[in-house]
Amino acid sequence: MGFSKLKGDAKKSLKGHWSDTLIIIVLYIIIFSIAQRLDVKVFGGNNVTYDILQKPDYFKFEILNNHLEYHVRLFSMIAGLMMLMGLNSYFLKRSRNEEVTWQELFNKYNLILDALLIGIFVAIFVFCWTLLLIIPGIIATIAYSMAYLVKLDNKDLNAIECIKKSKELMKGHKFDYFLLQLSFIGWILLGPFTLFLLYFWLAPYMATTNCNFYNELVNKR
């Protein structure tokens, strides 16, 4: 599998669409950051200093605080999963030169539950493999890396089936995928020297290239 072609096609797909691409990356960062900061900042310590004996309303406050915390964390999770699928969908369509706009970031709310289940099962499987050794855990992570893209292409498949499909697609190509990610290491290391501004170009470039890798795997089947 030629990495140069995958990368070249990614650049062609992104050419002329950088405004939408930049909008979707910035929106993702802003919304995700707000959700995370709201969660961590408001509830990070969650230490209530009220003296129970001196503050009879302590328990009422604690109940209200826990109720609010639940909703904030639920919002963070839902927003994160929706944008994860939206982001994957955007770059998958962009890699296929289909018509798509930054609004795709919010168009995959119907796949939130599927994304959650895929994430849970992948985490469990990778954890189990990691118990053996680090290397098997890395191999498993790569094997399951296409599960979200599989779901976008196969709405009828459940989470486990998407993971199995990803594993099938990556059979014999896991090392290729590893080398592809490694080929971006120079750009990744250069990022901090540009005040991380380089990543606004690099993230879409990598995402689209990875989608091209997935498309190649699908086309070989």
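Remember, predicted model here, so these are calculated numbers, not experimental data. (Residues numbered from 1 in each chain as written. Predicted model: local features only at pLDDT ≥ 70, side-chain atom pairs only at ≥ 80, totals over all residues. Heavy atoms only, no water.)

## Digging into the side chain of T21
With respect to the helices, strands and loops of the structure, T21 is situated in helix α2 (residues 18-43). Residues in contact with T21, not counting those within four places in the same chain, are L14, Y90, F91 and P204. (Helix = DSSP H or I, 4+ residues; strand = E, 2+ residues; numbered from the N terminus. Contact = heavy atoms within 4.5 Å.)

## Topic: a nonpolar patch on the surface
A contiguous nonpolar patch, built from F175, F178, L179, L182, I185, I188 and L189 and spanning about 620 Å² of accessible area, is present on the exposed surface. Here the nonpolar patch gets 4 residues from one element, more than from any other, and that element is helix α8 (residues 174-182). (Patch = residues over 30% accessible without salt bridge, like charges linked within 9 Å, V, L, I, M, F, W, Y side chains within 5 Å. Areas by Shrake-Rupley, 256 points an atom, 1.4 Å probe, with all protein chains shown as cover. Salt bridge = Lys/Arg side-chain N within 4 Å of Asp/Glu carboxyl O.)

## Topic: helix α4 (residues 112-132)
Over its 21 residues, α4 extends 31 Å from the first C-alpha to the last, a length consistent with the 30 Å expected when each residue adds 1.5 Å. Where α4 is concerned, the buried positions are I112, D114, A115, I118, V122 and V126. Buried positions in α4, seen along its axis, are confined to an arc of 145 degrees and lie on one side of it. Seen from the open side of α4, the exposed residues pointing more than 90 degrees away from its buried face are L113, F127 and L131. (Expected span 1.5 Å × (residues − 1). Buried < 20%, exposed > 50% of the residue type's maximum accessible area, 1.4 Å probe, protein only. Arc of directions from axis to C-beta.)

## Looking at the pattern of salt bridges
One pass over the structure, following the stated rule, counts 5 salt bridges. For the salt bridge of K5 with D9, the shortest nitrogen-to-oxygen distance reads 2.8 Å. Here K5 pairs with D9, and both are found in helix α1 (residues 3-14), just 4 residues apart, close to one helical turn. Across the pair K108 and E104 runs a salt bridge whose closest N-O atoms are separated by 3.7 Å. Residue K108 is classed as buried on the basis of its relative accessible area, which comes to 13%. Of the residues examined, E104 reaches a relative accessible area of 6% and is grouped as buried.

## Points about α1
With 12 residues, α1 extends 17 Å from end C-alpha to end C-alpha; this agrees with the ideal 16 Å at 1.5 Å per step. Residues of α1 that are buried include every one of L6, K7, A10, S13 and L14, and no others. Buried residues along α1 cover an arc of 120 degrees about the axis, so they all sit on one side. Along α1, exposed side chains directed more than 90 degrees from the buried face belong to S4, K5 and K12.

## Describing the packing of α1 against helix α10 (residues 199-220)
As a packed pair, α1 and α10 sit with axes 8 Å apart at the nearest point and diverge in direction by 120 degrees. Taken together, the axis directions place α1 and α10 in an arrangement best described as oblique. Helix-helix and strand crossings are classified by hand; for α1 and α10 the assignment is right-handed. From α1, L6, K7, D9, A10, K11, S13 and L14 reach across to α10, where they touch P204, Y205, T208, T209, N212, F213 and E216. Taken together, the residues that form the contact of α1 with α10 break down as 6 nonpolar, 4 polar and 4 charged. (Axes fitted to C-alpha atoms, helices over the stretch in contact; angles between N-to-C directions. Parallel < 35°, antiparallel > 145°, perpendicular 65-115°, else oblique. Left-handed = near helix turned anticlockwise from the far one by under 90°. Nonpolar A, V, L, I, M, F, W, Y, C, P; charged D, E, K, R; others polar.)

## Remarks on the environment of T101
Structurally, T101 can be placed in the loop between α3 (58-95) and α4. Here T101 falls in the partly exposed class, since its relative accessible area comes to 36%. For T101 and D20, which are 81 residues apart along the polypeptide, the C-alpha to C-alpha distance reads 6.1 Å. Ignoring sequence-local partners within four residues, the contact set of T101 consists of D20 and Y90.

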